[in-house]
Amino acid sequence: MTASRRLGWNSLLLGSLLAVSPVRADELAGPRYQIQGFAAQGLIGSTNNRFFGDSRNGVSTEFTEAGLHGTWQALDAVRLSGQVLYRRAGESDRDGLRVDYAQADWQFYQTDVSQLGLKFGKVKLPYGLYNETRVSFTRSGILLPQSVYVDNSRDLLLAAPGAFLHGASVQEYGAFDFLLGWVRPNFDSPSVDYSFLGNTRPGKLEGKGALGARLRWDLPTDTTLMLTYANARAEYAPGSSDTLAAGKVQFRNILFTAQQRLDTVTLTAEYGEPRFDTAGFGPFLPNSHRVIQAGYLQGEWRFLPAWELMLRHDVFYRDKHDKDGHLFAAATGLPAHSMFARDTTLGLRWDTTPNLMLRAEFHHVDGTGWLPGPDNPVFLSREQRWNMWLLQAAYRF
């Protein structure tokens, strides 16, 4: 599906959600209706490889985000929300304007301590700690840990048409919430082709459905524990002169999350072992079953009211049983470093005003396992060890 067709469908969905019941102009100005927005511009420089544009031994300005978010309490039990986003991230994301998500939330049961509801539309996906609040001011850095939150496949991970049953309960031993649902994710992008098929392809990889679930427990000790489950399927329709046959892809993962909030320090860890299966693509992409390892450790220190320091170590292995990639290199003749990435990140945040945030970030990376393929199309020119620095200014209103 082309970007213009996706935007047209998403705009129709957002319009239909906001037309559920009539509203007068004076009601729009009241507390039942809110509009917020943000804009962020990044500068990226890197050595040896490119990230979000021509950053290699230079500066890329092709990391731009701007969004307009609206919520409307249409009825006492019905809340509508959506976000229109402009995003440019090098060759990995050139779609520009799109509807990020557009969902209705029906709270059909509620007491003083518990509630049940149903979200439907183009819903935000419950994946890990940061996926549902994936904008500049709510991220833990300019970039999220790429092992878990792959930015060059953001549209696949963020939201999709479907529905989620959700519930929450607050007790003396903490607050629980859960989500369980089904969506149809969008696999149709060059970045996803690189991630799942190894390169851009003339055919189309189409999502057939995904089951998602999350269980979260917020303890009275300022501790959060969470389990996230995802099981997604896609099918490939070959294009003309295609070397691949009509194959299938399945992706399954259980992601473990733990976060401890102290006085001025927040410690976070997430870890998963996604299962990745391909079948039926023919001799140019043999059937495979692979267990990935992905996780990170992160510390954030608010050493002054307006200043925060972040340190993170992030690891990603495309094959748990071939972490250094030597077996892969021997079988394919391709670089072993494409099978892993180890990233050490140091970041600094300055909230200059409540509305303006400035950030700086440095990454030292060993491996190219999550390097954006569209920005680095010549596979053999990618280099194993590389550094990257990022600056970002973000404003919200």
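Up top is the structure these notes are about.
Rules used throughout
Residues numbered from 1 in each chain as written. Predicted model: local features only at pLDDT ≥ 70, side-chain atom pairs only at ≥ 80, totals over all residues. Heavy atoms only, no water. 1 Å grid on protein atoms, 1.4 Å probe; cavity = no way out; pocket = protein on both sides within 12 Å on 5 of 7 lines; lining within 4 Å. Points joined across faces, edges and corners; volume = space filled by probe spheres on them. Helix = DSSP H or I, 4+ residues; strand = E, 2+ residues; numbered from the N terminus. Contact = heavy atoms within 4.5 Å. Polar contact = N/O pair within 3.5 Å; in protein donor to acceptor, adjacent residues only side chain to side chain. Nonpolar A, V, L, I, M, F, W, Y, C, P; charged D, E, K, R; others polar. Salt bridge = Lys/Arg side-chain N within 4 Å of Asp/Glu carboxyl O. Pairing = 2+ DSSP bridges. Buried < 20%, exposed > 50% of the residue type's maximum accessible area, 1.4 Å probe, protein only. Lys, Arg positive; Asp, Glu negative; His and termini not counted. Core = buried A, V, L, I, M, F, W, Y, C linked by side-chain atoms within 4.5 Å.

1. Observations regarding the layout of surface pockets
By volume, the second largest pocket is sized at about 620 Å³. Forming the boundary of the second largest pocket are 28 residues, of which Q36, H69, Q83, Y101 and K124 lie nearest the centre. Listing elements by their share of the lining of the second largest pocket, those giving two or more residues are β1 (33–46), β2 (60–75), β3 (78–89), β4 (93–110), β5 (114–124) and α3 (154–158). Ranked by residue count, the leading element in the lining of the second largest pocket is β4, at five residues.

2. Details of the environment of R312
Residue position: R312 is located in strand β15 (residues 307–317). Distance from R312 to E300, taken between C-alpha atoms, is 8.7 Å for residues 12 residues apart in sequence. Setting aside its immediate chain neighbours within four residues, R312 contacts S140, G141, L143, L144, P145, Y296, L297, Q298, D343, T344, T345 and H363. Reaching out from R312, the side chain makes a polar contact with the side chain of S140 at a distance of 3.3 Å. Within the local environment of R312, its side chain forms a polar contact with the side chain of Q298, the two groups lying 2.9 Å apart.

3. Some points on empty space enclosed by the protein
Following the criterion strictly, the structure yields two cavities of 30 Å³ or more and no others. Within this model, the largest cavity holds a volume of roughly 50 Å³. Along its surface, the largest cavity is lined by S140, G141, E308, L309, M310, G347, L348, R349, R359 and E361. Elements with a contribution of two residues or more to the lining of the largest cavity: β15, β16 (340–351) and β17 (356–367). In terms of residue class, the lining of the largest cavity is made up of three nonpolar, three polar and four charged. Approximately 40 Å³ is the volume found for the second largest cavity. Considering each element in turn, the lining of the second largest cavity owes the most residues, three residues, to β5.

4. Notes on the pattern of salt bridges
Tallying each qualifying case throughout the model produces 22 salt bridges. With its nearest N and O atoms 2.9 Å apart, the salt bridge here joins R88 to E62. With R88 in strand β3 and E62 in strand β2, this pair connects stretches of sequence that are 26 residues apart. Among the ionic pairs, D151 bridges to R134, the shortest N-O distance being 3.5 Å. Of this pair, D151 sits in the loop between β5 and α3 while R134 sits in the loop between β5 and α3; the two residues are 17 residues apart in sequence, bridging distant segments of the chain.

5. Topic: the pairing of strand β7 (residues 174–183)
Here 10 bridges tie strand β6 (residues 159–171) to β7, and the two strands are oriented antiparallel to one another. Directly across from H166, in β7, lies its bridge partner L179. Once β6 ends, the chain turns through two residues before running back antiparallel as β7. Sheet analysis places β7 next to strand β8 (residues 204–219), joined by nine bridges and oriented antiparallel.

6. Considering unusual backbone geometry
Positive phi outside glycine occurs at N48, with the angle close to 75°. Mapped onto the elements, N48 comes out in the loop between β1 and β2. On the basis of relative accessibility, which here comes to 23%, the residue N48 falls in the partly exposed class.

7. Description of the side chain of K119
Relative to the assigned elements, K119 resides in strand β5. Buried charged residue K119 carries no salt bridge. Nearest counter-charge: E132, at 4.3 Å.

8. Focus: helix α4 (residues 190–197)
An α-helix turns once per 3.6 residues; consequently, residues spaced three or four apart project the same way. Of all eight residues in α4, six are buried, a share of seventy percent or more. Looking only at α4, the buried set comprises S191, V192, D193, Y194, F196 and L197. Next to the buried residues of α4 lie α3, β8, β9 (223–237), β10 (248–261) and β12 (275–279). G198 sits one or two residues past α4 and shows a positive phi near 85°.

9. Remarks on the nonpolar core
Grouped together as the largest cluster of nonpolar side chains are 39 residues, with contacts concentrated most on F51, F187, F196, L197 and L205. Sorting the residues of this core by element identifies β6, β7, α4, β8, β9, β10 and β18 (385–396) as the ones contributing at least two each. Ignoring any residue separated from it by four or fewer positions in sequence, one finds L197 in contact with V192, L205, Y236, V249, F281 and L285. Y130, Y149, M226 and Y296 belong to the second largest nonpolar core, which has nine residues in total.

10. Details of the pairing of strand β14 (residues 293–304)
Strand direction decides the pairing type here: strand β11 (residues 265–272) and β14, joined by eight bridges, are antiparallel. Within the sheet, the bridge partner assigned to T266 lies in β14 and is E300. Of the pairings in the sheet, the one linking β14 to β15 comprises 10 bridges and is antiparallel in character. Across the sheet, residue Y296 finds its bridge partner in β15, namely D314. Where β14 folds back on β15, the antiparallel hairpin that results is connected by two residues.

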